[in-house]
Amino acid sequence: MKTDKRDENVLLIANEKAGYETVQRVIGSGYNVKAVFTSHGKRKHNIADYVDFSPLGKKYKDIPFHYITSPKEPLVIEKVQSYNPDLILVISWSQILPKEIVDFPKLGTVGVHYSLLPERRGGAPLVWAIIDGLGKTGLTLFYYDEGVDTGDIVDQVELEITFQDTVKSMLERIEIALPQLVEKNLDAILAGTNQRVKQDESKASYTKARTPKDGEINWSLSKEQIYNFIRAQTLPYPCAFSKIIDKNGKPKKLVIPCARLEDDKLIVEGYVEDMEG
């Protein structure tokens, strides 16, 4: 149930389908959303699960939607501050937010990380969880601070990773779980009554950001490791691939979005495309 804490100004910074669904849930639940910032279409090739937010902008015409290329641009910082938000909520946003944005709202800046912090701070935690063959991951709602995913934890939810899951099926699960996690805690955050748990640094670990070139398969790995590698990077992410030479001696790329293990055999499905560059 909602409280009467509806007067606080909330500003949303979001990308991807999970962010789209969360923005829609927060606005639809009656919170005082002053503005939404999302990535400009120019950045769609930098965002694996890119979603155009313009349908939401048309649906909620009274709320300004801003499409930006970088949150570090002075005009973007100035625009964010002009809304005088009490709270900034960040969903599925990979770009680093400047201190002038993070520290501005009196109730802080809260975001979601795709792991059970303090484990697996940093880049591409969902992809790495599948590559590493984990049986579970999770979502952590936490406060931004000066570190990388080091702020106080508000709440967490665990997500199972089955041996058949891919990054696509996990994203679909997150699209349901993430808006629920936010809605569960937003009243308390706005009221200042939510829990804030310091992260245990002795349990902290980090993952590295990934680029499309990191998807090249190392065929010397075990069948299970290769299977995990492929399912961790299927669509909508850039898929795993292998470099090959065609019959004319030209270098090509074998893109492999699908794989399965049957009777101890690794079966892959893919297609050939030209090498970029």
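Summary of the structure given here.

Here is what the cut-offs are and how they apply
Residues numbered from 1 in each chain as written. Predicted model: local features only at pLDDT ≥ 70, side-chain atom pairs only at ≥ 80, totals over all residues. Heavy atoms only, no water. Phe/Tyr/Trp six-rings, centres within 6.5 Å; stacked < 30°, edge-to-face > 60°. Helix = DSSP H or I, 4+ residues; strand = E, 2+ residues; numbered from the N terminus. Lys NZ or Arg CZ within 6 Å of the ring centre and 35° of its normal. Disulfide = S-S within 2.5 Å. Buried < 20%, exposed > 50% of the residue type's maximum accessible area, 1.4 Å probe, protein only. Pairing = 2+ DSSP bridges. Axes fitted to C-alpha atoms, helices over the stretch in contact; angles between N-to-C directions. 1 Å grid on protein atoms, 1.4 Å probe; cavity = no way out; pocket = protein on both sides within 12 Å on 5 of 7 lines; lining within 4 Å. Points joined across faces, edges and corners; volume = space filled by probe spheres on them. Nonpolar A, V, L, I, M, F, W, Y, C, P; charged D, E, K, R; others polar. Polar contact = N/O pair within 3.5 Å; in protein donor to acceptor, adjacent residues only side chain to side chain. Contact = heavy atoms within 4.5 Å. Core = buried A, V, L, I, M, F, W, Y, C linked by side-chain atoms within 4.5 Å. Salt bridge = Lys/Arg side-chain N within 4 Å of Asp/Glu carboxyl O.

With respect to the packing of aromatic side chains
Then, number 1: Under the definition given, this model contains 4 aromatic pairs.
Then, number 2: Measuring from centroid to centroid gives 5.4 Å for Phe142 and Tyr144, while their planes differ by 15°, and the two rings are stacked.
Then, number 3: Between Phe163 and Tyr227, the ring centres sit 4.8 Å apart and the planes meet at 45°, which makes this aromatic pair tilted. Separated by 64 residues along the polypeptide, Phe163 in the loop between strand S8 (153–160) and helix H6 (167–191) and Tyr227 in helix H7 (residues 223–231) bring together distant segments of the chain.
Then, number 4: Over the ring of Tyr143 we find Arg196; its NZ or CZ atom is 3.7 Å from the centre of that ring.

What about the state of the cysteines?
Then, number 1: For the structure shown, the criterion picks out 0 disulfides.
Then, number 2: Note on Cys239: no disulfide assigned, nearest cysteine sulfur contributed by Cys258 at a separation of 7.6 Å.
Then, number 3: The class for Cys239 is buried, based on a relative accessible area of 10%.
Then, number 4: What makes Cys258 partly exposed here is its relative accessible area of 37%.

Some remarks on the pairing of strand S12 (residues 265–274)
Then, number 1: Summarising the sheet, strand S11 (residues 251–262) and S12 pair through 9 bridges and their orientation is antiparallel. Pairing of Lys252 across the sheet is with Asp274, part of S12.

Concerning the sheet that holds strand S5 (residues 109–113)
Then, number 1: One open sheet holds the 7 strands; their spatial order is S3-S2-S1-S4-S5-S7-S8, and the pairing between them is mixed. Edge strands, defined here as strands with exactly one partner in the open sheet, are strand S3 (65–68) and S8. In this sheet, neighbouring strand axes are inclined to one another by 15° on average, regardless of whether the strands run parallel or antiparallel.
Then, number 2: Strand direction decides the pairing type here: strand S2 (residues 33–39) and S3, joined by 4 bridges, are parallel.

With respect to the layout of surface pockets
Then, number 1: Of the pockets and cavities examined, the largest pocket occupies roughly 1500 Å³.
Then, number 2: Taken together, 47 residues line the largest pocket, and the ones lying closest to its centre are Trp93, Ser94, Gln95, Gly123 and Ala124.
Then, number 3: Sort the elements by how many residues they give to the lining of the largest pocket and helix H5 (residues 125–131) lands first, with 3 residues.
Then, number 4: For the lining of the largest pocket, the per-class residue count stands at 23 nonpolar, 15 polar and 9 charged.
Then, number 5: The volume enclosed by the second largest pocket comes to roughly 350 Å³.
Then, number 6: Lining the second largest pocket are 15 residues, with Pro212, Pro238, Lys253, Glu273 and Glu276 positioned closest to its centre.
Then, number 7: Taken together, the elements giving at least two residues each to the lining of the second largest pocket come down to strand S10 (240–245), S11 and S12.

Some remarks on the side chain of Asp155
Then, number 1: Turning to its location among the elements, Asp155 is positioned in strand S8.
Then, number 2: A distance of 3.0 Å separates the side chain of Asp155 from the side chain of Lys184, its partner in a polar contact.
Then, number 3: Setting aside anything within four residues of it in sequence, one finds Asp155 in contact with Leu139, Thr140, Leu141, Leu181, Lys184, Asn185 and Gln195.

Observations concerning the sheet that holds S12
Then, number 1: On the basis of which strands lie adjacent, the open sheet formed by 3 strands has the order S10-S11-S12 and antiparallel pairing. Two strands in the sheet have a free side with no partner beyond their single neighbour: S10 and S12. Sheet twist, expressed as the mean angle between neighbouring strand axes with direction ignored, is 35°.
Then, number 2: Two elements, S10 and S11, share 6 bridges in a ladder whose sense is antiparallel. Across the sheet, Lys243 pairs through a bridge with Lys253, a residue of S11.
Then, number 3: Where H7 meets the sheet, it contacts S10, S11 and S12, and its direction lies at approximately 110° from that of S11.

Observations regarding the nonpolar core
Taken as a class, soluble globular proteins show a tendency for nonpolar side chains to be buried jointly.
Then, number 1: Among the nonpolar cores identified, the biggest contains 53 residues, and Val36, Phe53, Tyr114, Leu139 and Leu178 are the most heavily contacted of them.
Then, number 2: Non-local contacts of Phe53, meaning those with residues more than four positions away in its chain, are made with Ala14, Asn15, Glu16, Gly19, Tyr20, Val23, Val36, Thr38, Phe65 and Tyr67.
Then, number 3: Among the nonpolar cores identified, the runner-up in size contains 15 residues, and Leu11, Val76, Ile77 and Trp93 belong to it.

Overview of the pattern of salt bridges
Then, number 1: Summed over the entire model, instances satisfying the criterion amount to 17 salt bridges.
Then, number 2: Between Glu21 and Lys17 there is a salt bridge; the shortest N-O distance is 3.9 Å. Taken as a pair, Glu21 and Lys17 lie in helix H1 (residues 16–28) at a separation of 4 residues, close to a single helical turn.
Then, number 3: For Lys17, a relative accessible area of 29% puts it in the partly exposed group.
Then, number 4: Arg120 is the partner of Asp132 in a salt bridge, and the nearest nitrogen-oxygen pair spans 3.0 Å. With Asp132 in the loop between H5 and strand S7 (136–143) and Arg120 in the loop between S5 and strand S6 (121–122), the pair connects residues that are 12 residues apart, well separated along the chain.
Then, number 5: Via salt bridges that share partners, Lys17, Glu21 and Glu175 belong to a single interconnected network.

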